[in-house]
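Observations on the three-dimensional arrangement
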Amino acid sequence: MSGRRRLGYLLIGLLVVSAGVWVAVRSAVPNDLLPVRVELASRSVSKLPFVIAMDQGLYEKYGLDIQLRMPSADFEGGIAAPNTLTRWAEFVAIRLGARSWRPEISVDGATPQIFNMVTDVGARQQIFLAATDCVVRAHIVGRKGIERLEDLKGKRLGVTSGIHTTTGFVALLLAERMGWDPVQDISIMRHGTSIDALRDGRVDALVASERTYAAALQEGFPVLAATSMWGELPIAGNSVKVAPAWLEDRTHREVARRFLQATVEGIALFHQNRELALEVLAKWHGITDQAYAETVYEGGRWIPRKPYPCYEGIEKTMERYDSNAMRGYTPEDFYEDSLIRELDESGFIDSLYTTVDSRSP
């Protein structure tokens, strides 16, 4: 056996043992359940109901054999944390001919996905079935010494990976509200949303998610604005997305329906069982600091109980990133709401708020 082949087998073996790139979480379940591969792109609070549904066995309850992937936990003790070896090993294994693990259902921001589908010929076409994040709810946090939003003119504002992301969307909204040119009057900095970036002075402020906001409060960084105070501003945030061709298959459509059933019950548990939500934050994310966990949980109280797609947020995304290519689409090209509508009109969602046990009102 050649050395190259032995290396390939070794790497593929490591991949199998370590359970994938990010670590696939799979329970022992009966063989008659419908299999589905699901990926959560981050561990934000708007994705916590999906983790609750997994933790409580709701996907199995509704007939799914789910393989769920998440990024690594930010805190020690969080479950399903990957390591760089498995990610590198899968890359090499794929190069040697192994099949890549590809999700059938993904949960991530709709705004960047829409932007990518319109501007990148290599982007996978996706449609959004539901959403847990359709209103701008971020905070603008500054470094110590900055006291007002006005102080940010000419300064550096951190976002995740660019202006097309949900944090980039908020940065452009901030510039618009302040009457600033987003190129001339402020520097929008990619990969600048960590507390470390504030602490080290690499950014002067950042668009903070609920977890960064919780950390900022603990370290005494000034909160310059809560965007929720700007009104109910639409955004196409955290959404359930699938490939249109995948959904056309009758079995896949049933998988998606069951997935949404389990998800809306996970949302009901999130809203009605605070203690359980905090337990899941501790178990899966490693968040054991009580004050921090409470702040994160409160940041998700706006998650809609009926997670319809972000209709207005999709329209606003199309306006914000207007282009000749974007004008070739309609909002309806980006969502398919019949499944969530069926669940709603059947009374299923409403029934969850009278039958789900609540240990913590």
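Residues numbered from 1 in each chain as written. Predicted model: local features only at pLDDT ≥ 70, side-chain atom pairs only at ≥ 80, totals over all residues. Heavy atoms only, no water.

**Describing the nonpolar core**
Counting residues in hydrophobic clusters, the biggest one holds 69 residues, and the most contacted among them are Tyr59 and Phe259. Broken down by element, the residue count for this core peaks at 10 residues, all from helix α10 (residues 250-272). In contact with Phe259, other than residues within four places in its own chain, are Val38, Phe50, Tyr59, Leu64, Ile66, Ile105 and Val240. Membership of the second largest hydrophobic core comes to 37 residues, among which are Met117, Ala131, Ala171 and Trp230. (Core = buried A, V, L, I, M, F, W, Y, C linked by side-chain atoms within 4.5 Å. Buried < 20%, exposed > 50% of the residue type's maximum accessible area, 1.4 Å probe, protein only. Helix = DSSP H or I, 4+ residues; strand = E, 2+ residues; numbered from the N terminus. Contact = heavy atoms within 4.5 Å.)

**Examining the environment of Gly57**
Its location among the elements puts Gly57 in the loop between α2 (48-55) and α3 (58-61). Classification of Gly57 as partly exposed rests on a relative accessible area of 24%.

**Here's the deal with the sheet that holds strand β10 (residues 223-226)**
Across the sheet, which stays open at both edges, the 5 strands sit in the order β8-β7-β9-β6-β10 with mixed pairing between neighbours. A single partner strand is all that each edge strand has here, and the edge strands are β8 (187-189) and β10. Each strand of the sheet is rotated relative to its neighbour by a mean of 25 degrees, with strand direction disregarded. Relative to β10, strand β6 (residues 139-142) is paired through 3 bridges, and the arrangement is antiparallel. The residue bridging Val141 from the neighbouring strand is Val223, located in β10. (Pairing = 2+ DSSP bridges. Axes fitted to C-alpha atoms, helices over the stretch in contact; angles between N-to-C directions.)

**Brief notes about the pairing of strand β2 (residues 34-40)**
When β2 meets strand β3 (residues 64-69), the two strands line up parallel, connected through 6 bridges. Bridge pairing in β3 places Leu34 opposite Leu64. Summarising the sheet, β2 and strand β4 (residues 105-109) pair through 3 bridges and their orientation is parallel. Directly across from Leu40, in β4, lies its bridge partner Val107.

Keep in mind that these numbers describe shape and distance, not what the molecule does.
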